Amino acid sequence: MESLQVAPARLQTPQLQATQFQAAQPEVRHPREGGDPETSESNLDKALDSRLRANDGLEEAISSEAGAGSGTNAHSDAQTPGLAVCNPPYDARLAADPALYRALGEALKRTVPSWRASLLCGDPALAQATTLRASKKYQIFNGAIECALIVCDPIARVGHAERKAQAEDAAPQPLSEGAQMVANRLRKNLRKLKNWRQREAIDCFRAYDADLPEYSAAIDVYTTDEPQPRTYLHVQEYAAPSDIPEADQRRRLNELLAAAREVFAVPRERLAIKTRARGKGGSKYGQFDQRGEFIVVREGAARLRVNPFDYLDTGLFLDHRPMRLRIAEEARGRRFLNLFGYTGAATVHAAVGGAHETTTVDLSATYLQWCSDNLRENGVTGSQHRLAQADAVQWLEADRGRYDLIFCDPPTFSNSARADDFDIQREHVRLLRAAVARLADNGVLYFSNNFRRFRLDEEAIAQFARCVDISAQTIPPDFERDARIHRCWRLEPR
């Protein structure tokens, strides 16, 4: 899938049509044109060879040939006894690609089948992906990261013994006691949500939210909207108490992942994992993948692009599903404004719901491009659908338009070189006063935020708006365990 990002310098005006925004982008070549470099054996061999040769003092000791192989050995001395040692990529996020491990195993079997091999893998599942039969297996730790060390002697077996060994390796591994507890809870949650999901046609939902305190993470399910639907899992680890050893934290996460993969039967490459690492200043999320991989899911009548891997969030806040569906119902024939628009999911719902026009304001060019892609995914184009890259408060105070329906879902805090620092507790009265001033007669403003310590200044708001807390109406069944996931108010001008 293509992923386009827009440099801020490309936006010369404060407001652009969605089609104009798209037209301003540079041409991007599809990453898979001309072959798939991630799974090409010849490219893999070349990459491994170049990395090895980059090590000083090793070039004279290396003799290799790049090629896909056709049953012949790439090394003329492959029958000479030897040892292959390898530490394939892996990390605390367990995001290494099984295809790489599989290609490595095939390359070893093709080139030096009679040698011994010792491979340090991220975990038993990655070791199994090599398709190599291990004569010995060891569970070790690289710091806090649990790893699997396998020894293969020889690398390749032949005949009936090999087929039997491979069948044994392919057999599913039994879950540990802790993983079985998580699996049981997941199945219980799925049974509980089944009727609601079928009745409302819910394909993307939260399946687990730290239901078992020692397994502290959220598991969200995303099912693609295509003839053969695929399921992706988004696992976000919560911060563990400081007195929990990091090794226990890693073990529990691994058990939770094993349970999730078994219950949902998802391959490893469809598992997006956001883990936390301890360091100075406390526990923080580490780096994320940069796959540029988008999937398209359905919510109500809208098709929305989701990126499970590249960011902390996926581009779709599942807890706001009821609010977006409400906007779709109320938008027909109305002028809709989306402040702090993020990826524009609410804008898409308004447009698909029949809004007369839409305006989306966000400071991020990346998110505005995402919004443009979402609109295009639904066939929404034209000058009546505008995108504005701007500070929302400053934009509101300068704008003179009128809107019948406004959705405002600001962050708790943000800082940017392009705008002043924003703090929702400090700025919410100014923000809401400016937004209500843009409402047409009988217009409605929906205001939401997820700051758990937020306190609405009711006395100040009452001077210019009638305000009703509708939070309970906007919390969906899959988020009932955390009724404070967000707060939401309905405002009308006085």
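Everything in this summary refers to the structure shown in the same document. For every chain, the first residue of the written sequence is number 1, and numbering continues from 1 onward in sequence order. Totals for whole chains, interfaces and linings use every residue, but because this is a predicted model, local features are given only for residues with pLDDT of at least 70 and side-chain atom pairs only at 80 or more, for both listing and counting. Side-chain figures throughout are based on the complete set of non-hydrogen atoms in the structure, without hydrogens or water.

## Thoughts on the pairing of strand S22 (residues 487–493)
(1) Moving on: When DSSP finds at least two bridges between two strands, those strands are taken to pair. In DSSP terms, a helix is any run of H or I states spanning at least four residues, a strand is any run of E spanning at least two, and both are numbered starting from the N terminus. Of the strand pairs in this sheet, strand S20 (residues 439–449) and S22 are connected by 5 bridges, and their pairing is antiparallel. Directly across from Tyr446, in S22, lies its bridge partner Arg490.
(2) Moving on: As judged from the 5 bridges shared by strand S21 (residues 465–469) and S22, these two strands associate in the antiparallel manner. Within the sheet, the bridge partner assigned to Ala465 lies in S22 and is Pro493.

## Comments concerning the pattern of salt bridges
(1) Moving on: Salt bridges are counted wherever a side-chain nitrogen of Lys or Arg sits within 4 Å of a carboxyl oxygen of Asp or Glu. Within the structure shown, the criterion is met by 27 salt bridges.
(2) Moving on: When the shortest N-O distance is used, the salt bridge between Asp225 and Arg298 registers 3.2 Å. One end of the pair, Asp225, is in the loop between strand S7 (217–223) and strand S8 (231–237); the other, Arg298, is in strand S12 (residues 295–299), with 73 residues separating them in the sequence.
(3) Moving on: The cut-offs for exposure are 20% and 50% of the maximum accessible area for each residue type, with area from a 1.4 Å probe on protein chains only; residues under the lower value are buried, those over the upper are exposed, and the others partly exposed. Assessed through its relative accessible area of 25%, Asp225 is described here as partly exposed.
(4) Moving on: Under the relative-accessibility criterion, Arg298 is labelled partly exposed at 31%.
(5) Moving on: Taken together, the salt bridges that share partners define one network made up of Asp225, Arg298, Arg303 and Glu377.

## Things to note about the sheet that holds strand S5 (residues 145–152)
(1) Moving on: Taken in spatial order, the 4 strands of this open sheet run S2-S3-S5-S4, and their pairing is mixed. Only two strands of the sheet have a single neighbouring strand rather than two, namely strand S2 (83–86) and strand S4 (136–142). Within the sheet, the average angular offset between the axes of one strand and its neighbour, ignoring direction, is 15°.
(2) Moving on: Sheet topology note: the strand S3 (residues 116–121)/S5 ladder contains 5 bridges and is antiparallel. Structural elements are reduced to axes, namely lines fitted to C-alpha atoms, with helices fitted over the stretch in contact, and the angle between N-to-C directions of any two is expressed from 0 to 180 degrees.

## Digging into helix H10 (residues 365–377)
(1) Moving on: With 13 residues, H10 should cover 18 Å at 1.5 Å per step; its first-to-last C-alpha distance of 18 Å lies within 8% of that length.
(2) Moving on: The N-cap residue of H10 is Ser364: its side-chain oxygen and the backbone nitrogen of Thr366 are 3.3 Å apart.
(3) Moving on: The positive-phi residue at the C-terminal boundary of H10 is Gly379, with phi of around 70°. Each helix should span, by expectation, one fewer than its residue count multiplied by 1.5 Å. Two N or O atoms count as a polar contact when they lie within 3.5 Å, although within protein this holds only if one can serve as hydrogen donor and the other as acceptor, and sequence-adjacent residues are included solely when both atoms are side-chain atoms.

## So, the packing of helix H6 (residues 177–200) against helix H7 (residues 246–264)
(1) Moving on: Between H6 and H7, the shortest axis-to-axis distance is 8 Å and the interhelical angle comes to 45°. Considered as vectors, H6 and H7 are oriented oblique to each other. Relative to H7, H6 is oriented so that their crossing is right-handed. For the pair H6 and H7, contact is made by Gly178, Ala179, Val182, Ala183, Leu186, Arg187 and Leu190 and by Glu255, Leu256, Ala259, Ala260, Glu262, Val263 and Phe264, respectively. Note on angle classes: values under 35 degrees are labelled roughly parallel, values over 145 roughly antiparallel, values of 65 to 115 roughly perpendicular, and the remainder oblique. Each crossing gets its handedness from the near helix: less than a right angle anticlockwise from the far helix is left-handed, clockwise is right-handed. Throughout, a residue-residue contact means that at least one pair of heavy atoms, one from each residue, lies within 4.5 Å.

## Comments concerning the sheet that holds S7
(1) Moving on: Spatially, S6-S7-S8-S9 is the arrangement adopted by the 4 strands of the open sheet, whose pairing is mixed. Looking along the sheet, the strands with just one partner apiece sit at the ends: strand S6 (204–209) and strand S9 (271–274). Strand-to-strand twist of the sheet, defined as the mean angle between neighbouring strand axes without regard to direction, takes the value 15°.
(2) Moving on: The sheet strands contacting H6 are S6 and S7, and the helix crosses S6 at an angle near 145°.
(3) Moving on: Sheet strands in contact with H7 are S6, S7, S8 and S9, and its direction is about 160° off that of S8.

## Remarks on the packing of aromatic side chains
Aromatic ring pairs are reported here in terms of the distance separating the ring centres and the angle at which the planes meet.
(1) Moving on: Here a pair means two rings of Phe, Tyr or Trp (six-membered ring of Trp) with centres within 6.5 Å. Their orientation is stacked below 30 degrees between planes, edge-to-face above 60, and tilted elsewhere. Taken as a whole and judged by the stated rule, the model has 10 aromatic pairs.
(2) Moving on: With a centroid separation of 4.7 Å and 10° between ring planes, the pair formed by Phe317 and Tyr342 is classed as stacked. Of this pair, Phe317 sits in the loop between strand S13 (302–306) and helix H8 (321–330) while Tyr342 is found in the loop between strand S14 (335–339) and helix H9 (345–352), placing the two residues 25 residues apart along the sequence.
(3) Moving on: Measuring from ring centre to ring centre gives 4.7 Å for Tyr342 and Tyr367, while their planes differ by 70°; the resulting arrangement is edge-to-face. Pair noted here: Tyr342 is in the loop between S14 and H9 and Tyr367 is in helix H10, with a separation of 25 residues, a long-range link.
(4) Moving on: Of the residues examined, Tyr342 reaches a relative accessible area of 13% and is grouped as buried.
(5) Moving on: What links up through ring pairs into an aromatic cluster is the set Phe294, Tyr311, Phe317, Tyr342, Tyr367 and Trp370.
(6) Moving on: Only when the NZ of Lys or the CZ of Arg is both within 6 Å of the ring centre and within 35 degrees of the ring normal is a charge said to sit over the ring. Positioned over the ring face of Phe309 is Arg291, at 3.6 Å from the centre of the ring.

## Describing unusual backbone geometry
(1) Moving on: The linkage connecting Asp153 with the following residue, Pro154, adopts the cis geometry, with an omega of 0°.
(2) Moving on: Located in the positive-phi region is Ala201, a residue other than glycine, with phi close to 55°.
(3) Moving on: The topology assignment puts Ala201 in the loop between H6 and S6.
(4) Moving on: One non-glycine residue, Tyr342, adopts positive backbone phi at about 55°.

Function cannot be inferred from these measures alone, as they are strictly geometric.
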